[in-house]
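Structure at a glance
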Amino acid sequence: MTSPLSRLDLNLVTLILGAAILWFVPVGMKSYGIYVISFWLVMSIAAMGLNLTLGYAGLKSLAQAAFLGIGAYATALITAKGGVLGPVWSWPLAFVVSGALTFAAGVVLGFPALRVKFHYLAFVTLAFATVMFLIFRNEQWLTGGVYGFPNIPRPTLFGVKLNNDLAFFRFLLMVTLVLSLAMWWLLRSPWGRAFMALRENPLRAASLGVNLRTYTLLAFAIGAGYGGFAGALYAPMVEFIDPAPFAISASFVLLLTVVVGGQGYFLGPFLGAAFSYVLPEVLRVTGGYYLLVYAALVLALLLVSPQGLIGIVEQIRELRRQKTAQAMRDASKVMLEAGR
Amino acid sequence: MNMPVKPPRGATMLRVENLSKHFGGIRAVDGVSFEVNEGEILGIIGPNGCGKSTLFNCILGQLQPTDGRVSLDGEDITGLFPADLNRRGVSRTFQLLQVFPNLAVRENLILAGQEHVGSMMGRLFGPRDAGLGAAAERMIGFFNLGHLAESKAGGLSYGQQKLLDAAMAFMAGPRLVLLDEPAGGVNLTMLAALKERLHAINRDEGATFVVIEHNMEFVMSLCDRVVVMAEGKVLATGTPDEIRADPAVIEAYLGH
Amino acid sequence: MDQFLQLVLAGLATGSIYALAAIGFTLVWQTSQTINFAQGEFVMLPAILVLAAVKFLHLPLPAAVLLATGAFLLLFGFGFKRFLVDPMLRHGVLPLAIATMALSILMKEGAKDGFSAEAQQFPSLVPDGAVTLLGATLSLRDIAIFGVAVVAIVALQLFVTRTRTGRMMQATAQNPSVATILGIPTERMILLTFLINAGLAVLASFLISPVYLAKFSNGEVIGTAAFIAAIVGGFNQVRGALVGGFVVGLVDNLAAAYVSSAYRAAVPLVLLVLVILFKPEGLLGRKEERTV
């Protein structure tokens, strides 16, 4: 059985190759198709954040969609109507502010994580997500409430406003790549090891000098920050936001995404997001039953592989390894017999 | 890890004075005093329920003592948290195995030492193994875990996990290691290997050990001195031979 | 004042449905670490099954009720445990919880596509009348719901405290590993809790559907309320689930009248937030020990 950490280099190759391939995939696609894969990338970033908090550090967070919302509304407010810093610099500012705000929120939210245990943490994040949703929905003067926030502009890159969907997708792809590389680096560093220690054995970790408080707060805050970054990309992508995508149910879908993709595996979020956000669209062709089919698929997948989609890959590897080991044992048996 | 100037071998390193731990009316540890000298292997034995584990947990900051004092090189460390003790060069193994099951053996070892290397930010931007690759290899070699280095720790056999557990305690180059029932559940072959390795580390690195154990034979053949406990109190202290001849000990251990 | 009494009774009535659902939810969580996100759909489905039996199998109502109850207990009591919970439990709480999420969608869509997307009438044993008490007009149906639920809960309580099987089940719920050591057939007891959960869901379904009509989407509200009730009451306590259910029901109904409709849906959620912030172990829960 190989450990998760040694596999991260294969992940790097997949990441870069994948980005290269994805650059060309949407050429010739209709705008709906480009929208779907753009959506997939944005949600992968949010799922990556949750995967860090939940999959690697083992902290039960139900607030990821709320962080997405904070990033989205912050971006909308900063970039709308010409933007606080004008058409070119407003979005970069919004991107940074979204990340910083949600990072700070993650630190604040992380504190109860230090005092309470197990599922209580899930409740605290649930409460936070509820409050945020209520603010999004009721504070009409700020967010537009249920009427939404319209006319969110696309960013301007090198003098070109990214109104073209394909251009925006490529921009999105590059940002996703950068964020993914940063996450890859984080997870393979000693910090990544310390995060996993939180999940694997906090007692032993503490006695080995791992500062549980610091790493817990970091796992929460960075995970939340990625949610904020995703929100900063989501707002200009759809150009109109309302509270619905940031409700509690959305946090549960992100939870499902991380688990179905494979929690604690680097590429899990990408697979999970494809499963949660692309697959239902693909299934629409089956007509009105698509949600039923989707739910059945989720159920079947989890029964077969509770470790998610990447878990299936792992199981195949493990089977192969066992077969090789068995073959070697048989071979040596034969040799022993022959030697007699 | 920054090691302080080493006092001469044989000097008192750990001093436990009048340590007590009461749980309501129960005196689990009652006025226990002993010393651990630099470079020695001290054993603590006693029948079940005599307070050995509670004593350990009090020294190691897992429990707050009700009374008494623990000092390391003269510095009062009573009640300090495990992480703080770790920073002062005190390390421990656990009775119930405490490894990181889904991480590889090598990763377990690096994790055991990494928090002592440089600063947090330094570690984020530094090498993947925090510079501990060589040290981990040495440990792997020393404890004969070579063929298992890439395997998940949770998949190892019980005896192998015990070896890993001990190896992890040594990764940070500690001066004092407290071993909690290291022989528990280990088969005879592995036990001999463990004993031999512990002797070797003590000899070569000058690490000081305190060992709690049930296994009398293990303790008697491994330790320089032994503290015998019964009902929360110290019954006798001395070399294995002295202990074997002590009438109070013989009485407490009738049949053991 | 009279309106207040009416609201209180209505609140107690819906509260008792939430309590039934929350009790089952908590029982299942206690014995087998299962967070059943499909609990709301568990309450929705039995009524639909009865109506389906009447429509497609042309059975008379009593036979349909019996068939639906039996089928539901078999599928979502025994079947749920045997084919979903047991295989998945080894891999942790979260994958199983997600699986129940998927199950809830399956049940909801199944009811919608398999039976009907429209709300359907469900027959009631209690006539649609009212009684006047202390100047307030109290719906007979609400009184009936409250009464039957209370009887069921009392019966469950007696079962758990007075019968041998019940005591064994309670022991299993409070500490499964110790129960096994004591020689209690924990597997059977766990199955029993799943069956009881299914039974409570069936009862809740038959009580609520005459009033609110049988619709595939009924599960959403009830599921959320049951979840909140269980948390508010203290996730680990059946007594808490009971109290939590009534509290949520009362708060919800009173809010509907005294709070503007924009904020109405928020009130149970705000209650949840307040409880979590000030008493995270729930109203009746015990503070769990913190380790070093």
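All of these numbers come straight from a predicted model, not from anything done at the bench.

Brief notes about the overall build of chain A
When helices and strands are tallied, chain A shows 14 helices and two strands. On C-alpha atoms alone, chain A measures out to a radius of gyration of 22 Å, which is about the 20 Å that the 2.2 N^0.38 rule sets for 340 residues. By principal-axis analysis of the C-alpha atoms, chain A measures approximately 90 × 50 × 40 Å. Across the 340 residues of chain A, 51% fall into the buried class. Restricting the contact set of chain A to residue pairs at least 6 apart, pairs at least 24 apart contribute 76%.

Details of the overall build of chain B
Summing up its helical and strand segments, chain B has 10 helices and 10 strands in all. Taken over the C-alpha atoms alone, chain B extends approximately 55 × 40 × 40 Å along its principal axes. Residues counted as buried form 44% of the 256 residues belonging to chain B. Residue pairs in contact within chain B that sit at least 24 positions apart in sequence constitute 66% of those at least 6 positions apart.

Overview of the environment of Leu279 of chain A
All names here are of chain A. Note that Leu279 resides in helix α12 (residues 268–283). The class for Leu279 is partly exposed, based on 18 C-beta atoms found within 10 Å. Beyond its immediate stretch of four places on either side in the chain, Leu279 contacts Ala274 and Tyr294.

Some thoughts on helix α5 (residues 133–142) of chain B
All names here are of chain B. Inspection of α5 places Ala135, Ala136 and Met139 among the buried residues, and these make up the whole buried set. The buried residues of α5 all sit within an arc of 100° when viewed along its axis, so they share a single face. In α5, the exposed positions that point more than 90 degrees away from the buried face belong to Ala134 and Gly141. Packed against the buried residues of α5 are α3 (105–114) and α6 (158–170). Following α5 by one or two positions, Asn144 adopts a phi angle in the positive range, close to 55°.

As for the interface of chain B and chain A
Each side of the interface is counted separately: chain B has 27 residues, and chain A has 23 residues. Elements with a contribution of two residues or more to the side of chain B that touches chain A: α2 (82–87), α3 and α4 (120–125) of chain B. Sort the elements by how many residues they give to the side of chain B that touches chain A and α3 of chain B lands first, with five residues. Taken together, the residues of the side of chain B that touches chain A break down into 12 nonpolar, seven polar and eight charged.

Some points on helix α2 (residues 31–56) of chain A
Residues and elements named next belong to chain A. For α2, spanning 26 residues, the distance from its first C-alpha to its last is 36 Å, which sits close to the expected 38 Å at 1.5 Å a residue. Leu50 marks where α2 bends most, by close to 35°. By the criterion of burial, α2 is predominantly enclosed, with 19 of the 26 residues buried. A positive backbone phi angle near 75° is found at Gly58, which sits one or two residues after α2.

Digging into unusual backbone geometry
A positive phi angle is found at Ala130 of chain B, which is not glycine, with a value near 55°. Note on Ala130 of chain B: 22 C-beta atoms within 10 Å, which makes it buried. The backbone of Gln33 of chain C shows a phi angle near 50°, a positive value even though the residue is not glycine. If you trace the backbone, Gln33 of chain C turns up in the loop between α1 (2–32) and α2 (39–57). Take Gln33 of chain C: there are 14 C-beta atoms within 10 Å of it, and that puts it in the partly exposed class.

Observations regarding the sheet that holds strand β9 (residues 225–230) of chain B
All names here are of chain B. Reading across the sheet, the six strands line up as β6-β7-β8-β3-β9-β10 and stay open at both edges, with mixed pairing between neighbours. In the strand order of this sheet, the two ends are held by β6 (90–92) and β10 (233–238), each with one partner. Averaged over all neighbouring strand pairs, the angle between strand axes comes to 20°, with direction disregarded. Across four bridges, strand β3 (residues 41–45) lies against β9 in parallel orientation. Looking across to β9, one finds that Ile44 is bridged to Val227. Across the sheet, helix α1 (residues 52–59) touches β3, β7 (176–180), β8 (208–213) and β9, and the angle it forms with β7 is around 145°.

Overview of the pairing of β9 of chain B
On a regular strand, each side chain points to the face opposite its neighbour's, so the side chains alternate between the two faces of the sheet. Residues and elements named next belong to chain B. Where β9 lies against β10, five bridges are found, and the strand directions are antiparallel. Bridging from a neighbouring strand, Val226 pairs with Gly238 of β10. Taking the residues that link successive antiparallel strands as the turn, the β9-β10 hairpin has two residues, and the phi of Glu231 there is positive, at about 50°.

A few points about the packing of helix α11 (residues 248–261) of chain A against helix α4 (residues 93–114) of chain C
Relative to each other, α11 of chain A and α4 of chain C sit at 125°, their axes nearing to 10 Å. Considered as vectors, α11 of chain A and α4 of chain C are oriented oblique to each other. In the crossing of α11 of chain A with α4 of chain C, the sense of the turn from one axis to the other is left-handed. For the pair α11 of chain A and α4 of chain C, the contacting residues are Phe252, Leu255, Leu256 and Val259 of chain A in the first and Leu94, Pro95, Ile98 and Met101 of chain C in the second. The class makeup of the residues in the contact of α11 of chain A with α4 of chain C is eight nonpolar, no polar and no charged.

Focus on the confidence of the model for chain A
Averaged over all residues, the pLDDT of chain A is 88; the fraction at 70 or higher stands at 95%. Summarising per-element confidence for chain A, the mean pLDDT is lowest in helix α14 (residues 308–339) of chain A (79) and highest in helix α3 (residues 64–79) of chain A (95).

Let's talk about the confidence of the model for chain B
Residues and elements named next belong to chain B. In the predicted model, chain B carries a mean pLDDT of 83, and the fraction of residues at 70 or more is 95%. Under a pLDDT of 50 for its full length, residues 1–6 has, in the predicted model, four contacts with residues more than four places off or in other chains. What the predictor reports for the complex is a pTM of 0.85 with an ipTM of 0.82.

A look at the packing of α2 of chain A against α11 of chain A
Residue and element names in this part refer to chain A. Where α2 meets α11, the closest approach of the two axes is 9 Å, and the angle between their N-to-C directions is 75°. Taken together, the axes of α2 and α11 lie roughly perpendicular to each other. Where α2 approaches α11, its residues Met43, Ala46, Ala47, Leu50, Asn51, Leu54 and Gly55 are matched on the opposing element by Leu254, Thr257, Val258 and Gly261.

Focus: the sheet that holds strand β1 (residues 12–23) of chain B
Ordered by their spatial adjacency, four strands build an open sheet running β2-β1-β4-β5 (chain B), and the pairing between neighbours is antiparallel. Because the sheet does not close on itself, it has two edges, and the strands there are β2 (26–37) and β5 (75–76) of chain B.

Quick notes on the environment of Val259 of chain A
You can see Val259 of chain A is positioned in helix α11. On a C-alpha basis, the gap between Val259 of chain A and Pro306 of chain A in space is 8.0 Å, while along the polypeptide they are 47 residues apart. If sequence neighbours within four positions are ignored, Val259 of chain A has contacts with Gly308 of chain A together with Leu94, Pro95 and Ile98 of chain C.

A few points about the pairing of β7 of chain B
Residues and elements named next belong to chain B. Of all five residues in β7, five are buried; the element is thus mostly enclosed. Covered by surrounding structure in β7 are Leu176, Leu178 and Asp180 together with Val177 and Leu179, the residues of both alternating faces. In this sheet, β7 lies alongside β6 in parallel orientation, the contact comprising three bridges. Within the sheet, the bridge partner assigned to Arg92 lies in β7 and is Leu178. Direction of pairing for β7 relative to β8: parallel, over a ladder of five bridges. In the sheet register, Leu178 faces β8, and the bridge partner there is Val210. Note on the crossover from β7 through helix α7 (residues 188–205) to β8: the handedness is right-handed.

Rules used throughout
Residues numbered from 1 in each chain as written. Chains lettered and ligands numbered in written order. Predicted model: local features only at pLDDT ≥ 70, side-chain atom pairs only at ≥ 80, totals over all residues. Helix = DSSP H or I, 4+ residues; strand = E, 2+ residues; numbered from the N terminus. Rg over C-alpha atoms; globule rule 2.2 N^0.38 Å. Buried ≥ 20, exposed ≤ 12 C-beta atoms within 10 Å, placed from the backbone. Contact = placed C-beta atoms within 7 Å. Arc of directions from axis to C-beta. Nonpolar A, V, L, I, M, F, W, Y, C, P; charged D, E, K, R; others polar. Expected span 1.5 Å × (residues − 1). Bend = angle between axes of the 7 residues up to and from the residue. Pairing = 2+ DSSP bridges. Axes fitted to C-alpha atoms, helices over the stretch in contact; angles between N-to-C directions. Parallel < 35°, antiparallel > 145°, perpendicular 65-115°, else oblique. Left-handed = near helix turned anticlockwise from the far one by under 90°. pLDDT = per-residue confidence, 0-100. Right-handed = clockwise from strand over helix to strand, strands pointing away.

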